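Inside the fold
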Amino acid sequence: MSRQDVEEIVETYGSKKHAVIMMLQDIQDKYNYLPQDVLKDLSKRIDVPLSRIYSIATYYKLFSLKPKGR
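Attention here is on the structure that accompanies the text. Just so it is clear, the model here is predicted, and its values are computed rather than measured. (Residues numbered from 1 in each chain as written. Predicted model: local features only at pLDDT ≥ 70, side-chain atom pairs only at ≥ 80, totals over all residues. Heavy atoms only, no water.)

1. Re the overall build of the chain
Across its full length, the chain holds 4 helices and 0 strands. Going from the N terminus to the C terminus, the chain shows its helices and strands as α-α-α-α. Along the longest, intermediate and shortest principal axes, the C-alpha atoms of the chain span 30 × 25 × 15 Å. Buried positions account for 37% of the 70 residues belonging to the chain. (Helix = DSSP H or I, 4+ residues; strand = E, 2+ residues; numbered from the N terminus. Buried < 20%, exposed > 50% of the residue type's maximum accessible area, 1.4 Å probe, protein only.)

Rendered as structure tokens:
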């Protein structure tokens, strides 16, 4: 999991806090789940508390915090 991946996603949307869901979708598309270290990096890059990112990720059923099959 690359820090550069997060940077590319943030550059796509800017560091706009209202784009968190779209950023999470892009991360999940890339890894098939939301890796913890990537979420931490995203939190720092867009200045949104990690707890807020986790609350969004756990609220929507389309997101998974555990690896899934292909």
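2. A short note on a nonpolar patch on the surface
A surface patch of nonpolar side chains, about 410 Å² in accessible area, is lined by Ile21, Tyr59, Tyr60 and Leu62. Judged by its relative accessible area of 63%, Tyr59 is exposed. (Patch = residues over 30% accessible without salt bridge, like charges linked within 9 Å, V, L, I, M, F, W, Y side chains within 5 Å. Areas by Shrake-Rupley, 256 points an atom, 1.4 Å probe, with all protein chains shown as cover. Salt bridge = Lys/Arg side-chain N within 4 Å of Asp/Glu carboxyl O.)

3. Regarding unusual backbone geometry
The bulk of non-glycine residues show a negative phi, and the bulk of peptide bonds are trans. In this structure, Asn32 takes a positive phi of about 70° despite not being glycine. Topologically, Asn32 is positioned in the loop between helix 2 (20-31) and helix 3 (36-46).

4. Brief notes about the nonpolar core
In terms of nonpolar packing, the biggest core is built from 20 residues, with Leu24 and Leu42 touching the most fellow members. Those elements giving two or more residues to this core turn out to be helix 1 (3-13), helix 2, helix 3 and helix 4 (50-59). Examining the composition of this core, we find that 5 residues originate from one element, helix 2, more than from any other. The contact partners of Leu24, leaving out residues within four places of it in the chain, are Leu34, Leu39, Leu42, Ile53, Ile56, Ala57 and Phe63. (Core = buried A, V, L, I, M, F, W, Y, C linked by side-chain atoms within 4.5 Å. Contact = heavy atoms within 4.5 Å.)

5. What about the packing of helix 1 against helix 2?
Packed helices, taken two at a time, are described by their axes: the angle between them and the distance between them. The N-to-C vectors of helix 1 and helix 2 enclose an angle of 145°; their axes lie 10 Å apart at closest approach. In the packing of helix 1 onto helix 2, the handedness of the crossing is right-handed. For the pair helix 1 and helix 2, the contacting residues are Asp5, Ile9, Val10 and Tyr13 in the first and Met22, Met23, Asp26, Ile27, Lys30 and Tyr31 in the second. Here the residues of the contact of helix 1 with helix 2 are counted per class, giving 7 nonpolar, no polar and 3 charged. (Axes fitted to C-alpha atoms, helices over the stretch in contact; angles between N-to-C directions. Left-handed = near helix turned anticlockwise from the far one by under 90°. Nonpolar A, V, L, I, M, F, W, Y, C, P; charged D, E, K, R; others polar.)

6. Re helix 2
With 12 residues, helix 2 extends 16 Å between its outermost C-alpha atoms, agreeing within 8% with the 16 Å of an ideal straight helix rising 1.5 Å per residue. Where helix 2 is concerned, the buried positions are Val20, Met23, Leu24, Ile27, Gln28 and Tyr31. One side of helix 2 holds all its buried residues, which, seen down the axis, span an arc of 135°. Residues of helix 2 that are buried sit in contact with helix 1, helix 3 and helix 4. Asn32 lies just past helix 2 and shows a positive phi near 70°. (Expected span 1.5 Å × (residues − 1). Arc of directions from axis to C-beta.)

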